[in-house]
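Residue-level structure breakdown
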Amino acid sequence: MVSIDTALQFIAVSAVLAVVPGPDNLFVLMQSAAGGARKGIAVTLGLCTGLVVHTAAVAFGVAAIFQASAAAFTALKILGATYLLYLAYGALTSGMDTPVASEGLAGAGRDNLTGLYRRGILMNITNPKVALFFLAFLPQFVKAGAGPAALQILQLGGLFMMTALMIFSLIAYTAGRLSHWLRRSPKAIKAMNRVAGIVFIGLAAKLAAAQR
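What this report covers is the structure whose coordinates are included nearby. Chains are numbered independently. Their residues run from 1 in the order of the written sequence. With pLDDT at 70 or above as the cut-off, local features in this predicted model cover only qualifying residues; side-chain atom pairs require 80 or more to be listed or tallied, and sums for whole chains, interfaces and linings still use all residues. Side-chain measures here rest on the full set of heavy atoms in the structure, leaving out hydrogens and waters.

Details of a nonpolar patch on the surface
- Together, Met1, Phe60, Val62, Ile65, Leu151 and Leu154 give the surface a local cluster of nonpolar side chains, amounting to about 590 Å² of exposed area.
- Helix and strand labels come from DSSP, where a helix needs a run of H or I of at least four residues and a strand needs a run of E of at least two; each type is numbered from the N terminus. Relative to the helices and strands, Met1 is located in the segment before helix 1 (4–19). Think of a patch as exposed residues, more than 30% relative accessible area, with no salt bridge, where like charges cluster within 9 Å and nonpolar side chains (Val, Leu, Ile, Met, Phe, Trp, Tyr) cluster within 5 Å. Residue exposure ignores everything except the shown protein chains as possible cover, and the areas themselves are Shrake-Rupley values with a 1.4 Å probe. Throughout this description, the term salt bridge denotes a Lys or Arg side-chain nitrogen within 4 Å of a carboxyl oxygen of Asp or Glu.

A look at the layout of surface pockets
- Approximately 750 Å³ is the volume found for the largest pocket.
- Residues are called lining when one of their atoms sits within 4 Å of a cavity or pocket point, these points coming from a 1 Å grid over the protein atoms alone, where a cavity is a set in which a 1.4 Å probe fits but cannot get out and a pocket is an open set with protein on both sides within 12 Å along at least five of seven lines. Looking at the largest pocket, it is lined by 30 residues, and the ones nearest its centre are Gly22, Pro23, Asp24, Asn127 and Val130.
- Only helix 1, helix 2 (23–35), helix 3 (37–59), helix 5 (70–92), helix 6 (113–125), helix 7 (128–137), helix 8 (149–176) and helix 10 (186–208) provide two or more residues apiece to the lining of the largest pocket.
- Its residues assigned to classes, the lining of the largest pocket shows 21 nonpolar, six polar and three charged. Grid points are joined across faces, edges and corners, and a volume is the space filled by probe spheres set on the points. Residues are grouped as follows: Ala, Val, Leu, Ile, Met, Phe, Trp, Tyr, Cys and Pro are nonpolar; Asp, Glu, Lys and Arg are charged; all remaining types, including Gly, are polar.

What to know about the nonpolar core
- One finds Leu84, Leu87, Met123 and Phe200 to be the most contacted residues of the largest nonpolar core, which totals 28 residues.
- Broken down by secondary-structure element, the contributors of at least two residues to this core are helix 2, helix 3, helix 5, helix 6, helix 8 and helix 10.
- Broken down by element, the residue count for this core peaks at seven residues, all from helix 10.
- Here Leu84 is in contact with Met123, Phe200, Leu203, Ala204 and Leu207, once residues within four sequence places are set aside.
- Buried residues of nine kinds, namely Ala, Val, Leu, Ile, Met, Phe, Trp, Tyr and Cys, make up a nonpolar core once their side-chain atoms join them within 4.5 Å. For every residue, the accessible area (1.4 Å probe, protein chains only) is compared with the maximum for its type, and the residue is labelled buried under 20%, exposed over 50%, or partly exposed between those bounds. If you look at the next biggest cluster of nonpolar residues, it comprises 25 residues, including Ala57, Phe73, Leu159 and Ala210. By definition, residues are in contact when any of their heavy atoms lie within 4.5 Å.

This is how it looks when you write it as structure tokens:
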């Protein structure tokens, strides 16, 4: 079992990592600002579900494949970059003159929270950098004599997910406070969608150029 001291140290580091700007929290931020906190939280739940996959991959050695195999790493990063470009296309070509874009940041229909949840999952599990990050990060907190390493990694992954869920939900709530104003301003929605598209293109380019 992970000790309390190790858990507290791990949570502190995880909290810092969760607030550092990246594709996940930026997506939550923009989605919440455009569509409200509920949509941002739906994305957050999807992202955290994706972390379950990465945690299990590290615990059972699957993530090591992406470190050892250039082909596997390249295939997954191309898939991830393609998905980010798909999100960019949706934002840049949405109905930007309407207060709530149906195919832009909102991702689907007005109340399609399930679709946003799925987007969060896909965005997370198609990013091989997350798998490699977990592969490098989680084992640092595994302690000899504290039980099977796989079990400790699963516990640490759970703590990381809980930390990310709390921080991303706070981001969603804070950004969601702006959504009432944004939805009354077609110009603001237009600008937000354009910013989102540019951000996603940049993230796709960064992921495509990533090295193991």
